[in-house]
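# What the coordinates show
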Amino acid sequence: MSENQQEVAVTQEATKESRDVLDQLMKPEVQQSLTVLVENLPKLTEMVTLMTDAYDVARSLATDPVFIGDMKSSMGEFVKPVTDSAKGLASAAIEANDRVQTTDGSVGLFGLLKMLKDPNVQKTLRFSQAFLDILNERQRESK
């Protein structure tokens, strides 16, 4: 194909695409949509400006090493107590499991009554009772 023929083919393709665009623009629903867009251009401009500003702020924060460092340390301070508490509970559970494995005795009636005096057992029992009461109330309300 010669250079002249290629130029003619490209021009014909561009003309066809132009006709397709013009055909689309002649549809009444497209004209109505364009009218609405033109009427709302001031609002759209304001929205795009605000979104651009927000994007610029977010991008600057995301690339700021000082801000990223501050966020890491803040999250670390927030998560550390939770992590420490979870580690404490896990180690207590492991230690309790080790004690249970080495002890063969059974808990009798008097041992159970003695355990009921333990403040942690009382707290757990009160929590369990309150939790069950709430579940019962919600179940009655849902019926």
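Preceding block: the structure.
Now for a description of the structure that goes with this document. The numbering scheme is per chain: residues are counted from 1 as the chain's sequence reads. Per-residue local features of the predicted model are confined to residues with pLDDT of at least 70, and side-chain atom pairs are confined, for both listing and counting, to 80 or more; whole-chain, interface and lining totals are unaffected and use all residues. Calculated side-chain values reflect all of the structure's heavy atoms, with hydrogen atoms and water omitted.

### Structural notes on the overall build of the chain
Note on conventions: DSSP H or I runs of at least 4 residues are helices, E runs of at least 2 residues are strands, and numbering of each starts at the N terminus. Scanning the chain for helices and strands turns up six helices and zero strands. Helices (α) and strands (β) of the chain occur, in sequence order from the N terminus, as α-α-α-α-α-α. This radius of gyration counts C-alpha atoms alone. The globule rule is 2.2 Å times how many residues there are, raised to the power 0.38. In terms of C-alpha radius of gyration, the chain reaches 36 Å, well past the compact-globule figure of 15 Å for 143 residues. Viewed in the frame of its principal axes, the chain has a C-alpha envelope of about 105 × 50 × 40 Å. Under the scheme applied here, a residue whose accessible area is under 20% of the maximum for its type counts as buried, over 50% as exposed, and between as partly exposed, the area being computed with a 1.4 Å probe on protein chains only. In the chain, which comprises 143 residues, the proportion classed as buried is 0%. With residues, only the protein chains shown are counted as cover, and all accessible areas are computed by Shrake-Rupley using a 1.4 Å probe. Within the structure as shown, the chain displays about 13100 Å² of accessible surface, and the carbon and sulfur contribution to it stands at 63%. Counted as positive: Lys and Arg. Counted as negative: Asp and Glu, with His and the chain ends omitted from the count. Note that the charge is assigned to NZ on lysines, CZ on arginines, CG on aspartates and CD on glutamates. The averaged location of the 22 negative side-chain charges in the chain is 16 Å from the averaged location of its 16 positive side-chain charges.

### Let's talk about the packing of aromatic side chains
Only Phe, Tyr and Trp rings are paired, with Trp represented by its six-membered ring, and only when their centres lie within 6.5 Å; those with planes under 30 degrees apart are stacked, over 60 edge-to-face, the remainder tilted. Using the criterion set out here, one finds one aromatic pair in the structure. Seen from their ring centres, Phe127 and Phe131 are 6.1 Å apart, and the 15 degrees between their planes marks the pair as stacked. Here the residue Phe127 and the residue Phe131 both occupy positions in helix α6 (residues 119-142), the gap between them amounting to four residues, near one helical turn. Its relative accessible area of 57% is what places Phe127 among the exposed residues.

### Let's talk about the environment of Met115
Locating Met115 in the fold gives a position in helix α5 (residues 109-116). Along the primary structure Met115 and Leu50 are separated by 65 residues, whereas in three dimensions their C-alpha atoms are 64 Å apart.

### Focus on the pattern of salt bridges
Salt bridges are defined as contacts in which a side-chain nitrogen from Lys or Arg sits within 4 Å of a carboxyl oxygen from Asp or Glu. Across all of its chains, the model carries two salt bridges by this definition. Residues Lys80 and Asp84 are paired through a salt bridge, measuring 3.1 Å at the closest nitrogen-oxygen approach. Of this pair, Lys80 and Asp84 both sit in helix α4 (residues 65-102), separated by four residues, roughly a single helical turn. By relative accessible area, which is 39% here, Asp84 ends up partly exposed. As a salt-bridge pair, Glu95 and Arg99 come within 3.1 Å of each other at their nearest N and O atoms. You can see Glu95 and its partner Arg99 sitting in helix α4, four residues apart, about one turn around the helix. For Arg99, a relative accessible area of 56% translates into the label exposed.

### Remarks on a nonpolar patch on the surface
On the surface, a cluster of nonpolar side chains totalling about 910 Å² of accessible area is made up of Val21, Leu22, Leu25, Leu34, Leu37, Val38, Leu41, Leu44, Met47 and Met51. When contributions to the nonpolar patch are tallied by element, the ones reaching two or more residues are α1 (3-25), α2 (28-39) and α3 (41-62). For the nonpolar patch, the element with the highest residue contribution is α3, accounting for four residues. Looking at where Met51 falls in the secondary structure, it is placed in helix α3. Patch members must show over 30% relative accessible area and no salt bridge, and they are joined within 9 Å when carrying like charges or within 5 Å when they are nonpolar side chains of Val, Leu, Ile, Met, Phe, Trp or Tyr.

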